[in-house]
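In case you want the letters, here they are:
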Amino acid sequence: MISLPQTAPRVAKLTVLSIGVALLATACGGGSTPSATESSAGASGGISCPAPSATAGATSTATETGNVPAATTTTPTPLKIGSLLPTTGSLAFLGPPEIAGVNLGIKEVNDAGGVLGKPVQVVHRDSGDTKTDIATQSTTALLGQGVSAIIGAASSGVSKTVINQITGAGVIQFSPANTSPDFTTWDDKGLYWRTAPSDVLQGKVLGNYMATCGAQTVGMIVLNDAYGTGLAKNVKAAFEAAGGQVVAEELFNEGDSQFSSQVDKVIAAKPDAIALITFDQAKSIVPLITGKGIKPTQLFMVDGNTSDYSKDFKAGTLKGAQGTIPGTFAKDDFKKKLLAIDPALKDYSYAGESYDAVNLISLAAEAAKSTKGADIAKQLKAVSEGGEKCTDFPSCVTLLRNGKDIDYDGESGPVTFSDAGDPTEAFIGIYQYGDDNKYTPSREEFGKL
């Protein structure tokens, strides 16, 4: 593999973002790079990203808690939570960490005595993907079992197929991974919530980060669904606002298995960097790209495909490629807890968001003194802001039962909801691939929406 020239990138012309992204990364040093007409897809002379942060993946601070006081109000109907998370389909790799996050949250809530004097019950169902009707069938089954809230789906496209069914039944839909901006204005009766930030944030971070790395031109291969096109729109807007140019944008549909045409058209445009906005189709697309001489350091991935490829590609295929995932890095002590739940975990994407969803639903039920979905929803915003800081169920419920107002911040980072049920602030993690085709934390950026 040809090594990159040691050329310092230009400092990208980062604009002031309307969402207020506060970059925690240090800026690249100044210098010259090839012009757009001189650059080529095979010679990424302008790509040189900031070095990884020394604090990436640090241990989180545990909250000191004593004995949890007994519930002052008890419920005859235990809180029952369903999960609608992928165990099959193109996002199946996200299922294990999300399910582990849910199960860890349920365990800790019940270890602390449960909600309103009763253990919380959980029922898991597969969401599948948009090629099947699994999500609708699973949702029908969950509603039939009397759940008050459903955690999921992971895919924005899947959530669009069931959101009206869930919220129309008076049940909370709480996604740990939906990022489509469309949900912000959805008519959901106040019952749709999420711990993952809108792609308005991830798109702006990724677009600006590629510019910070020195890319002046970008090509994109994009899944043609609500997730892919929405994220691509925000990546493009940010990259162009930073002075760059998107020279190719090729779409494909869920269920497609051939991607040579899209790859050939993007490479023909000779971009400095290539953004892959896909799900597990990356397993087919990456070899096509690298097989044509593109360096992995030119590849930028997203939450839908930043995964462990150690068993899929030969060593070094992705060395130096980078990807973004909403949320702060999974800290070492949190990973240990998750591995105790599922020792086979390889990825931790959205585990924190799933864990936080359980805690927030449980705390809102305590605050509402009710296990009804509509009652819980009315308290979700209140337990996320304005009170005494706490970071787990035992410490937070202790404060609530002592008559205190709480402000829950969790494993996914600070959680403060808007009236629309969106996080108003979040971290975006940037990860880098090693020679083993596994990704590790590199740096994270914080933004407000």
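Residues numbered from 1 in each chain as written. Predicted model: local features only at pLDDT ≥ 70, side-chain atom pairs only at ≥ 80, totals over all residues. Heavy atoms only, no water.

## Considering the nonpolar core
Proteins that are soluble and globular tend to have nonpolar side chains buried together. M210, M220, I277, I289 and L318 are the most contacted members of the largest nonpolar core, which has 57 residues in total. Discounting residues that sit within four places of it in the chain, L318 has contacts with V286, P296, L299, M301, Y309, F313, Y433, G434 and N437. Counting residues in hydrophobic clusters, the runner-up holds 46 residues, among them L85, Y348, A351 and Y355. (Core = buried A, V, L, I, M, F, W, Y, C linked by side-chain atoms within 4.5 Å. Buried < 20%, exposed > 50% of the residue type's maximum accessible area, 1.4 Å probe, protein only. Contact = heavy atoms within 4.5 Å.)

## Thoughts on the state of the cysteines
Per the counting criterion, the structure on display carries two disulfides. What pairs with C49 in a disulfide is C213, and their sulfur atoms sit 2.0 Å apart. A torsion of 115° about the S-S bond marks the disulfide between C49 and C213 as right-handed. In this pair, C49 is assigned in the segment before β1 (80–85) and C213 in the loop between α4 (199–212) and β6 (217–223), connecting sequence segments 164 residues apart. Going through the protein chain in sequence order and numbering each bonded cysteine, the pairs you get are 1-2, 3-4. (Disulfide = S-S within 2.5 Å. Helix = DSSP H or I, 4+ residues; strand = E, 2+ residues; numbered from the N terminus.)

## Regarding unusual backbone geometry
G152 connects to A153 through a cis peptide bond whose omega is -5°. Tracing the backbone shows A153 in the loop between β3 (149–152) and α3 (156–168). For L116, which is not a glycine, the phi torsion comes out positive at approximately 55°. As for its placement among the helices and strands, L116 is situated in the loop between α1 (95–111) and β2 (121–126). Its identity is not glycine, yet N437 carries a phi of approximately 65°, on the positive side.

## Comments concerning the pattern of salt bridges
Side-chain pairs of opposite charge can arise where the charged atoms are in close proximity. Inspection of every chain in the model, using the stated rule, returns 14 salt bridges. Here E249 and K236 are joined by a salt bridge, their closest N and O atoms 3.9 Å apart. Note that E249 is positioned in strand β7 (residues 245–252) and K236 in helix α5 (residues 226–241), a separation of 13 residues in sequence. On the accessibility criterion, E249 (34% relative accessible area) is partly exposed. D407 is paired through a salt bridge with K389; the nearest N and O atoms lie 3.1 Å apart. Placement of D407 in strand β12 (residues 406–410) and of K389 in strand β11 (residues 388–390) is noted, with a sequence separation of 18 residues between them. Classification of D407 by relative accessible area gives buried; the value is 8%. For K389, a relative accessible area of 52% puts it in the exposed group. (Salt bridge = Lys/Arg side-chain N within 4 Å of Asp/Glu carboxyl O.)

## Some details on the sheet that holds strand β13 (residues 413–414)
Here three strands make up an open sheet; going across it, the order is β11-β12-β13 and the pairing mixed. Lying at the two open borders of the sheet, with one neighbouring strand each, are β11 and β13. (Pairing = 2+ DSSP bridges.)

## Concerning the side chain of D347
Structurally, D347 is set in the loop between α8 (332–341) and α9 (351–368). No salt bridge forms around the buried D347; measuring N to O, its nearest opposite-charge neighbour K346 is 7.7 Å away. One polar contact links D347 to S307, side chain to side chain, over a distance of 3.3 Å. In contact with D347, other than residues within four places in its own chain, are F93, P97, S307, D308 and Y439. (Lys, Arg positive; Asp, Glu negative; His and termini not counted. Polar contact = N/O pair within 3.5 Å; in protein donor to acceptor, adjacent residues only side chain to side chain.)

## Points about helix α7 (residues 282–290)
Every buried residue of α7 is accounted for by A282, I285, V286 and I289. The buried residues of α7 occupy an angular sector of 100° when the element is viewed end-on, so they sit on one face. Among the structural elements, β6, β7, α6 (260–268), β8 (273–277) and β9 (299–301) are those in contact with the buried residues of α7. (Arc of directions from axis to C-beta.)

## Notes on the pairing of β6
In terms of residue burial, β6 counts as a mostly covered element, since seven of its seven residues are buried. The side-chain alternation of β6 yields two buried faces, one formed by T217, G219, I221 and L223 and the other by V218, M220 and V222. Relative to β7, β6 runs parallel, the two sharing seven bridges. Opposite L223, over in β7, you have F252 as the bridge partner.

## So, the sheet that holds strand β14 (residues 425–433)
In spatial order, the strands read β7-β6-β8-β9-β10-β14-β15; together these seven strands make up an open sheet with mixed pairing. The sheet terminates laterally at β7 and β15 (439–448), the two strands that pair on one side only. For this sheet, the mean angle separating the axes of adjacent strands, direction not counted, is 20°. Relative to strand β10 (residues 322–326), β9 is paired through two bridges, and the arrangement is parallel. Looking across to β10, one finds that F300 is bridged to Q322. (Axes fitted to C-alpha atoms, helices over the stretch in contact; angles between N-to-C directions.)

## Quick notes on the confidence of the model for the protein chain
Within the protein chain, residue pLDDT values average 89, and 87% of them lie at 70 or more. Below pLDDT 50 for its whole length, residues 1–45 participates in 108 contacts with residues either more than four positions away or in separate chains. In this model residues 59–65 is a low-confidence stretch, pLDDT under 50, and it forms 13 contacts with partners more than four residues away in sequence or in other chains. (pLDDT = per-residue confidence, 0-100.)

## Quick notes on the packing of aromatic side chains
Here the distance between the centres and the angle between the planes together describe a pair of aromatic rings. Counting across every chain of the model gives 14 aromatic pairs. Judged by centre distance (6.0 Å) and plane angle (70°), the rings of F174 and F417 are edge-to-face. Here F174, found in strand β4 (residues 172–175), pairs with F417, found in the loop between β13 and β14; they are 243 residues apart in sequence, far enough to count as distant. The same class applies to F174 and to F417, which are both buried. Between the aromatic rings of F183 and W186, the centroid separation amounts to 5.7 Å while the plane-to-plane angle is 35°, which identifies the pairing as tilted. (Phe/Tyr/Trp six-rings, centres within 6.5 Å; stacked < 30°, edge-to-face > 60°.)

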